[in-house]
Amino acid sequence: MRNIRQIFYSILLISATLLTGCSVKNNMLNNQYTVSPNPLEEKGDSIQITMSATVPAKSINPKANIQFQPYLKTSKGDIQLKAITIGGEAVVENVDFKLSSKTGGKITYMDKIPYNADLKRATLYPDFAVKIGAEYKKIDNSKLPKGVAEKVLAEGTIATSLLVKPSEAPAMDETPYVASSASKSVSIYFPIDKDKFNPNFKLPKLFDNKKQIEELKVLLKSDKNWSVKGISINAYASPDGELSRNEGLAKGREESSFTYFKKELKKLGFTEANDSNLSRGFSLSEDWAGYEKAIEACTHADKDAVLAIIRSGISDTEKEARIRKDFKKFYDATKNTLLPPLRRSELVVKGQTPLKTDDELKALAATPDQLSESEMLHLAVISTDMNQKMAVYNSYITKYPNDWRGYNGLASVYLMKMDYANASTNLDKANSLSPENGVVMSNMGIVYKSKGEYAKAEKAFKSASNKGTDVSYNMGVLNIKKGNYADAVLSFNKSGKKDFNAALAELLNGNLDGCNNILNGMKAEDKDFACYYLSAIAASRANNSDATATNLTRAIQMNAEARNWAKEDVEFIKLWSNPAFQAAIK
C-alpha cells in the first residue's frame, strides 16, 4: 500500500485557481490513496487496477472539475488507463464523483486491461486534467509541486500465475492390452432320434458332416498362434416335438461331439486338448427361427398360412399342434426336407491369440502394420520415442482408417509436443468417427485452453467428465489460467496429483504452507528449477530472505535463465537491495 499525499489537493488547488482565481485550505495531509494489489497482479490474463481515496472536508473547491487518468509507463511507451471525473457540488455537468466542498467524500477507481509481457516492469503514475470551458486541459507538470508529477502509485506486475505448466496428460483409450478371444464354429448334423455323432452323416443336397469337419480344421490351422480354451455345443432341435420328447438326446449329442472333436484337436496339434481344464458348454433350443426361414424359402401353397401360425404369438406347443392338424399335407410334404437341417449342433471352438511381450513388440517397431489392432496400440503406448509413437499411430490410421483411437493417439503425441494445430486436426477426425467421446473431448479441451478459449475448454472438459473421463487435473490448470485459484486447488486435490501446478495453485490461493508442503513432499528427482523458484517466491512472501536466496541459488544452478527471471520479478521487489538476494542472482 502506498500513501499518495497532497496529490489530489494540489491538483484541485490548481484547477480551482484556474477556474475561479480563488484558493482553498490545505486540509489533505491526512488523505490516503491506496492501489490494490500493489504491486499489480496478472490474473486470468488481465490486470485489475483498483484505487480508493477519502477526500477530507474542505479540500475541494465547489466549482472544481478534474479529470483523473492514470497511466502505465513501460519500456515500449505509455498505456493510458480509463479516465474518471471529479467535481465539487457547484459543478453542473455530469461527473463520475461529485464531492461536497464542506464534507469531502470517497472516490474509487477501477480498470481492467489485458496483460502482456511489457507490463511486468510497468510503473503506474497519476495524470490529471482540468476542465476549462468545454475541454479538459492537461495540467503542466512543471506547475505541480516537486515530487507530485513523478509520484509512483504502483511499481511492477506480479505474473506468477503464468508459471503454470501445460502438463495436462492427454487422455487415451483405456482398452486393456489383453489376449484377444475368438471363436471358430461350424454346424454338424444328426439323424432323427440319434445321439452319437457320425462324421460321415449327410443328406444329399442338404448337408455333409465330413465337409463341415474339414472346414473347421482349415479354420483352426489358419492361425498357428491360436490356442484352444474350450468347446461349446449349441444344440438345436427341429420344432416337431423333439425337444420336449427327448432332451436327453440333445445332451447325448453334446457329449459325443465333445469326445470326437477333442480327439481331432489333439491330432491337429492343439496340446490344450489334453488339459483337464479344457472347458465345455451346452445349450439347447428349438429352432423356430430356422424353421420360419426355411418355410419362407419353400414354394408350397400353404406356406403363408403356416407362417401366420408361427408368427401368431401362441406357444411353441400350440404352433406345432396346429400345423400338424390344420396343415397335415404341408407337414408331411416338408418334414423330410425342412426339418432335418434343423436337427444340428453348432460346434464352437473357443480360443485366443496369446500376447506378444513388450520386447517382442519393440523388435517389430519398424513394421508395425504386421501387428494386430491391440498390439499396435500397445506398442504406441510403450514407445518412449515421440517419432516412433507417431510412426505407429500413422500406420494404425492407414490400416484402420475408421477407428477414432488412431487419430486420438496421434493427437496425443502432438499435444505432448505442444503442436496444437496438428493435434486439433486429428481430434476433429476422431470426433467425427466417435462423436462426443469423453477421451476425445478431454483432449479437445486442452487444445482450446492453449488458444485462450477458456469457455470452450471448460465446456469440453465438462462434456468429457459427463462421459466418465477424469478431467480434474486439466480443470486445475484451466482454473489457474482463468484466475479461479480456489477452484484450481479443489481440482488438483480431486486429481490426487501433488506436483508443481498443484503447489502453484496453493500459493496463488494464499496458502503458503500448502504450497511448501507439496514442494517439500516431492522426490528430488522430480523437482526441476521451477520448483525451487516457486519455493523462493513462497519464502519471499513469508519475508524469509535466507530461504529465498537458498532456493533461488538452487534454481539458477539448474537453469541459468532463472537469474534473469529473478532480476525482473517483482515478487522479490522487497529484497532487491538485500545482500543475500544480490549474492544469489550475481
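Just so it is clear, the structure is predicted and the values come from calculations on it, not from any experiment.

### Considerations on the overall build of the protein chain
Here is step 1: When you go through the protein chain residue by residue, the secondary structure sums to 23 helices and 20 strands.
Here is step 2: In the protein chain, which comprises 586 residues, the proportion classed as buried is 48%.
Here is step 3: Relative to all contacts within the protein chain whose residues are 6 or more apart in sequence, the contacts with residues 24 or more apart total 66%.
Here is step 4: Summing over all exposed atoms, the protein chain offers an accessible surface of approximately 29,100 Å²; the carbon and sulfur share of this is 49%.

### Topic: the sheet that holds strand β10 (residues 123-125)
Here is step 1: Strand order across the open sheet formed by 4 strands is β6-β5-β10-β13, with antiparallel pairing between neighbours. Of all strands in the sheet, those bounded by a partner on one side alone are β6 (77-80) and β13 (154-155).
Here is step 2: With 4 bridges joining them, strand β5 (residues 71-74) and β6 adopt antiparallel strand pairing. Bridge pairing in β6 links T74 to G77.

### Focus on the pairing of strand β7 (residues 84-88)
Here is step 1: Counting buried positions over the 5 residues of β7 gives 5, a clear majority of the element.
Here is step 2: Across the two faces of β7 the burial is the same, with I84, I86 and G88 and T85 and G87 all buried.
Here is step 3: By the bridge criterion, 4 bridges tie strand β4 (residues 65-68) to β7 in an arrangement that is antiparallel. Pairing of Q67 across the sheet is with T85, part of β7.
Here is step 4: The sheet contact formed by β7 and strand β8 (residues 97-99) spans 3 bridges and is parallel. Bridging across to β8, G87 finds its partner in K98.

### Here's the deal with the pattern of salt bridges
Here is step 1: For the structure shown, the criterion picks out 25 salt bridges.
Here is step 2: The closest approach of N and O atoms between K356 and E375, which form a salt bridge, is 3.1 Å. Of this pair, K356 sits in the loop between β20 (344-353) and α9 (358-363) while E375 sits in helix α10 (residues 373-382), and the two are 19 residues apart along the sequence.
Here is step 3: According to the relative accessible area criterion, K356 is partly exposed, its value standing at 27%.
Here is step 4: Accessibility expressed as a relative area gives 6% for E375, which makes it buried.
Here is step 5: The residue E458 makes a salt bridge to K462 at a minimum N-O spacing of 3.5 Å. On the criterion of helical spacing, the pair formed by E458 and K462 is a turn pair, its members being 4 residues apart in helix α15 (residues 454-466).

### A word on α10
Counting along an α-helix, one turn takes 3.6 residues, and residues three or four places apart therefore face a common direction.
Here is step 1: With respect to burial, α10 is a largely interior element, 7 of its 10 residues being buried.
Here is step 2: Burial in α10 covers these residues: E375, M376, L377, H378, L379, A380 and I382.

### With respect to the environment of L347
Here is step 1: Summarising the element assignment, L347 is placed in strand β20.
Here is step 2: Considered as a pair, L347 and K184 are 163 residues apart in the sequence and their alpha carbons are 8.3 Å apart.
Here is step 3: Apart from residues no more than four positions distant in its own chain, L347 is found in contact with K184, S185, V186, L216, I231, S232, I233 and F261.

### Focus: the packing of aromatic side chains
Here is step 1: Applying the stated criterion across every chain yields a total of 16 aromatic pairs.
Here is step 2: With a centroid separation of 5.6 Å and an interplanar angle of 25 degrees, the aromatic rings of Y71 and Y125 are classed as stacked. Linking Y71 in strand β5 with Y125 in strand β10, this pair joins segments that are 54 residues apart in sequence.
Here is step 3: Note on Y125: relative accessible area 15%, which makes it buried.
Here is step 4: A centroid spacing of 5.4 Å and a plane angle of 55 degrees characterise the contact between F529 and W565, whose relative ring orientation is tilted. Of the two residues, F529 sits in helix α20 (residues 529-541) while W565 sits in helix α22 (residues 561-568), which places them 36 residues apart along the sequence.

### Focus on the nonpolar core
Here is step 1: In terms of nonpolar packing, the biggest core is built from 42 residues, with I480, F492, Y533, L534, L552, F572 and F581 touching the most fellow members.
Here is step 2: Mapped onto this core, the elements with two or more residues apiece are α16 (472-482), α17 (485-495), α18 (500-508), α19 (512-521), α20, α21 (545-558), α22 and α23 (579-585).
Here is step 3: Sorting elements by how many residues they give to this core places α20 first, with 9 residues.
Here is step 4: The contact partners of F572, leaving out residues within four places of it in the chain, are Y533, A536, I537, S540, T548, L552, A566 and F581.
Here is step 5: Within the second largest apolar cluster, 40 residues are counted, among which are Y393, Y407, L427 and M475.

### Quick notes on the sheet that holds strand β11 (residues 128-132)
Here is step 1: Taken together, the 5 strands give an open sheet; going across it, the order is β8-β7-β4-β11-β12, and neighbouring strands pair in mixed fashion. Every interior strand has two partners, whereas the edge strands, β8 and β12 (135-138), have only one. Across the sheet, the mean angle separating the axes of adjacent strands is 30 degrees when strand polarity is ignored.

### Some words on the pairing of strand β2 (residues 40-43)
Here is step 1: Taking every second residue as pointing to the same face, the buried face of β2 carries L40 and E42, while none of E41 and K43 on the other face is buried.
Here is step 2: Across 2 bridges, β2 lies against strand β14 (residues 157-158) in parallel orientation. Bridging from a neighbouring strand, L40 pairs with T157 of β14.
Here is step 3: The pairing of β2 with strand β3 (residues 46-55) spans 2 bridges and is antiparallel. Each residue of the ladder has a partner; that of E42, found in β3, is I47.
Here is step 4: Counted along the chain from β2 to the antiparallel partner β3, the turn is 2 residues long, and its residue G44 has a positive phi close to 65 degrees.

### A look at the environment of L534
Here is step 1: Here L534 shows up in helix α20.
Here is step 2: Setting aside anything within four residues of it in sequence, one finds L534 in contact with T160, F500, A503, L504, L507, C515 and L519.

### Things to note about the side chain of T74
Here is step 1: Here T74 shows up in strand β5.
Here is step 2: Here T74 is in contact with I79, D118, L119 and A122, once residues within four sequence places are set aside.

### Observations regarding α21
Here is step 1: With 14 residues, α21 ought to run about 20 Å at 1.5 Å a step, and its terminal C-alpha atoms sit 20 Å apart, in line with that.
Here is step 2: Every buried residue belonging to α21 is among T548, A549, N551, L552, A555 and I556, and all of these are buried.
Here is step 3: Among the structural elements, α20, α22 and α23 are those in contact with the buried residues of α21.
Here is step 4: N-capping of α21 is provided by N544, with a side-chain oxygen placed 3.4 Å from the backbone N of D546.

What counts as what
Residues numbered from 1 in each chain as written. Predicted model: local features only at pLDDT ≥ 70, side-chain atom pairs only at ≥ 80, totals over all residues. Heavy atoms only, no water. Helix = DSSP H or I, 4+ residues; strand = E, 2+ residues; numbered from the N terminus. Buried < 20%, exposed > 50% of the residue type's maximum accessible area, 1.4 Å probe, protein only. Contact = heavy atoms within 4.5 Å. Areas by Shrake-Rupley, 256 points an atom, 1.4 Å probe, with all protein chains shown as cover. Pairing = 2+ DSSP bridges. Salt bridge = Lys/Arg side-chain N within 4 Å of Asp/Glu carboxyl O. Phe/Tyr/Trp six-rings, centres within 6.5 Å; stacked < 30°, edge-to-face > 60°. Core = buried A, V, L, I, M, F, W, Y, C linked by side-chain atoms within 4.5 Å. Axes fitted to C-alpha atoms, helices over the stretch in contact; angles between N-to-C directions. Expected span 1.5 Å × (residues − 1). Polar contact = N/O pair within 3.5 Å; in protein donor to acceptor, adjacent residues only side chain to side chain.

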